Amino acid sequence: MSVCLRDLLLEVVRIIMSQDSTINPQWGGRFSESTDNAVVHFTASVTFDRRMYRQDIQGSIAHARMLTAVGVLTETERDEIIHGLTEICMEIDRGQFNWSVALEDVHMNIEVALQAKIGLAAKKLHTGRSRNDQVATDIRLYLRDEIDVISAAIHRLQQGLIDLAEQENATIMPGFTHLQIAQPVTLGHHLLAWNEMLQRDYERFQHCRERVNVSPLGSAALAGTSYPIDRHMSAKLLGFERLSENSLDSVSDRDFVIEFCACASLVLCHLSRVSEELILWASAQFNFIDLPDRFCTGSSIMPQKKNPDVPELVRGKTGRVYGNLLSLLTLMKAQPLAYNKDNQEDKEPLFDTVDTVKACVQIYADMLPALRPKRDHMLMAALRGFSTATDLADYLVCKGMPFRDAHAVVGKCVAYGLAKGLDLAAMDLNQLQRFCPLIQDDVFKVLTLQGSVASRNHFGATAPDQVLSAVQRARFQLQQRHSVNLVHCNPASRQSVPVLPD
Ligand code: ARG
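The sections below set out a description of the structure shown in this document. (Residues numbered from 1 in each chain as written. Predicted model: local features only at pLDDT ≥ 70, side-chain atom pairs only at ≥ 80, totals over all residues. Heavy atoms only, no water.)

### Considerations on the overall build of the protein
Within the protein, the regular secondary structure consists of 21 helices and six strands. Whereas a compact globule of 502 residues would reach a radius of gyration of roughly 23 Å, the protein reaches 31 Å, over 25% beyond that. Its C-alpha atoms give the protein principal-axis dimensions of about 120 × 55 × 40 Å. Sequence-distant contacts in the protein: of pairs separated by 6 or more residues, those separated by 24 or more amount to 74%. (Helix = DSSP H or I, 4+ residues; strand = E, 2+ residues; numbered from the N terminus. Rg over C-alpha atoms; globule rule 2.2 N^0.38 Å. Contact = heavy atoms within 4.5 Å.)

Structure (structure tokens):
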């Protein structure tokens, strides 16, 4: 049979097959009946994975450039592909693209649209590639971008917190253990504790980003490809830091998604703890803060209500992010190498986690700087709870008494105060000396709240001076990081992202 005749017959077969609209034209060659309609819907992912269309197009353009460099595509074919994909991207941006569930996923929707637009060259785009390495590439590109957005939001939240901590460096409030008043602390110190949690969260996302920013492209279906591809080139074009080492691993493992969800779970764990405190502090019982009206909601039945819905929702949303983490761990645990369709189930938990963590961090970055501390109420609360009892014990130790004995003496003073309705600082010298003659009138310096916090004046402690130094250190950390982030944001310099200094 002449080559011409064979081509003609192949074309006829192709036309006949493509007339059965439910045989997928991208992989239906060996199928003799249409896919069951329920199966088409059950197996499709386009309703959710289309969110990665930009990354899919970005990956295809890099792949086409690389195929041209190694001689698989001509320059004309490459230019047609790039032009067509760019047009498709703009159509999707404008909402003018027809997504088809019959075409299963984002990858095949775009490829078929490209075929309709430019014909033959589009059919060569998938040379040396599989949807398995394509989807792994898309997720990594998508996640890298989202980590940058989330990191920027954490950065903004930290900036707000540090500014507030500086402003409240000498504001006294009760510090709690077991939610019982323990010792006086400064509000600035408390706010910087939240900042420390967020600092670690930020670092965790940066470390996770290093493992996300690895190119699986070229792994093809599972074993690599027989074409003379240049994986370094496509990785470089996409701004990946390095290549994945093993094709079987890189098309199948989603540990980087799981790791991201673990980072997200921890940041939400922290925001949930902060939420819990804000909710308590905004209650009439604590009355430590005022949350501006614009961050609260009312009740449809109780006219007096002003509810802290934002922190409550953040606390609530933490549960679903933990749930997503567990879903993904379970999704992965029994999969044999290499790719399995199970992995399509990675996207919805991932996307939901991204959306949730972004919304929570961003709303906190807006809300926290607007928080209005009620300094008088915090001070009154610290005055009421015998919060300087440890200071009195330490005072007696300075006068030569062993700490255990001092503890017992102060315990008696507290019992007396409770019976009489007097706090320690409100007792006179005679009353105090009944419990221990070592107590002199210099005791009142340590019994005041100001004296108590000022005396805890070492690295990491609550004294206002220490809070101010910690604010400087925290600001310095943020500035260092900022220069690193600017490098991340510039795709041309992604190759030379410096390592964060220790
Ligand atoms: N939609 C698929 C996913 O999300 C893309 C990869 C499909 N690969 C395959 N061999 N069926 O994982």
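### Observations regarding the side chain of Glu-91
With respect to the helices and strands, the residue Glu-91 is situated in helix α5 (residues 75-93). A polar contact is formed between the side chain of Glu-91 and the side chain of Lys-117, at a distance of 2.7 Å. With sequence-adjacent residues up to four places away left out, Glu-91 is seen in contact with Gln-96, Phe-97 and Lys-117. (Polar contact = N/O pair within 3.5 Å; in protein donor to acceptor, adjacent residues only side chain to side chain.)

### Some words on the packing of helix α9 (residues 187-212) against helix α12 (residues 255-281)
Remark: α9 packs on α12, axes separated minimally by 8 Å, with the N-to-C direction vectors making an angle of 165 degrees. One finds that α9 runs roughly antiparallel with respect to α12. Our pair here, α9 against α12, has a crossing hand that is left-handed. Its residues assigned to classes, the contact of α9 with α12 shows 17 nonpolar, two polar and seven charged. (Axes fitted to C-alpha atoms, helices over the stretch in contact; angles between N-to-C directions. Parallel < 35°, antiparallel > 145°, perpendicular 65-115°, else oblique. Left-handed = near helix turned anticlockwise from the far one by under 90°. Nonpolar A, V, L, I, M, F, W, Y, C, P; charged D, E, K, R; others polar.)

### Digging into the site of the ligand
Inspection of the region around the ligand gives Ser-45, Asp-49, Asp-105, His-107, Arg-131, Asn-132, Val-135, Tyr-339, Gln-344 and Lys-347 as its neighbouring residues. Separating an oxygen atom of the ligand from a side-chain N or O atom of Tyr-339 is a distance of 2.5 Å. Looking at which element gives the most residues to the shell around the ligand, the answer is helix α8 (residues 131-167), with three residues. Broken down by class, the residue content of the shell around the ligand amounts to two nonpolar, four polar and four charged. (Near = heavy atom within 4 Å.)

### Concerning the packing of α5 against helix α6 (residues 106-118)
Two numbers describe how α5 lies on α6: the axes approach to 10 Å, and their chain directions differ by 120 degrees. When the axis of α5 is compared with that of α6, the two are oblique. The element α5 and its partner α6 pack so that their crossing is right-handed. From α5, Glu-80, Ile-81, Gly-84, Leu-85, Glu-87, Ile-88, Glu-91 and Ile-92 reach across to α6, where they touch Ile-110, Ala-113, Leu-114, Lys-117 and Ile-118. Per-class residue counts for the contact of α5 with α6 are eight nonpolar, one polar and four charged.

### Section: the pairing of strand β1 (residues 172-177)
When β1 meets strand β2 (residues 180-186), the two strands line up antiparallel, connected through six bridges. Paired with Phe-176 across the bridge in β2 is Ile-181. (Pairing = 2+ DSSP bridges.)

### So, unusual backbone geometry
The step from Leu-337 to Ala-338 runs through a cis peptide bond, and the omega angle for that step is 0 degrees. One can find Ala-338 in the loop between α13 (309-333) and α14 (347-367). We note that Ala-220 has phi near 55 degrees; this positive angle belongs to a residue other than glycine. With a relative accessible area of 6%, Ala-220 lands in the buried category. The backbone phi angle of Asn-287 is positive, close to 60 degrees, even though this residue is not glycine. With respect to the helices, strands and loops of the structure, Asn-287 is situated in the loop between α12 and β5 (289-290). (Buried < 20%, exposed > 50% of the residue type's maximum accessible area, 1.4 Å probe, protein only.)

### Some points on the state of the cysteines
Inspection of every chain in the model, using the stated rule, returns zero disulfides. Free cysteine: Cys-208, not disulfide-bonded; nearest cysteine sulfur from Cys-263 at 4.5 Å. Classification of Cys-208 as buried rests on a relative accessible area of 0%. (Disulfide = S-S within 2.5 Å.)

### A look at the environment of Glu-146
Residue placement: Glu-146 occurs in helix α8. Along the backbone, Glu-146 and Leu-468 are 322 residues apart, and their C-alpha atoms lie at a distance of 33 Å. Reaching out from Glu-146, the side chain makes a polar contact with the side chain of Lys-358 at a distance of 2.8 Å.

### A word on helix α17 (residues 403-420)
For α17, built from 18 residues, the straight-helix expectation of 26 Å at 1.5 Å per residue is met to within 8% by its first-to-last C-alpha distance of 26 Å. Taken together, the buried positions of α17 are occupied by Ala-406, Val-409, Val-410, Cys-413, Val-414, Tyr-416 and Gly-417. One side of α17 carries all its buried residues, which in axial view fall inside an arc of 160 degrees. What points out from α17, more than 90 degrees from its buried face, is the exposed set Arg-404, Lys-412, Leu-418 and Ala-419. In this structure, the buried side of α17 is in contact with α16 (389-398) and α18 (429-433). Count one or two residues on from α17 and you reach Gly-421, which has phi positive near 70 degrees. (Expected span 1.5 Å × (residues − 1). Arc of directions from axis to C-beta.)

### Remarks on the pattern of salt bridges
Going through the model one piece at a time under the given rule, you end up with 26 salt bridges. Residue Arg-131 is joined to Asp-105 by a salt bridge in which the shortest nitrogen-to-oxygen separation is 2.7 Å. Taken as a pair, Arg-131 in helix α8 and Asp-105 in the loop between α5 and α6 lie far apart in primary sequence, 26 residues in all. Its relative accessible area of 4% is what places Asp-105 among the buried residues. The salt bridge partner of Arg-204 is Asp-201, with a shortest N-O separation of 3.1 Å. (Salt bridge = Lys/Arg side-chain N within 4 Å of Asp/Glu carboxyl O.)

Function-wise, these values are silent; they only describe arrangement.
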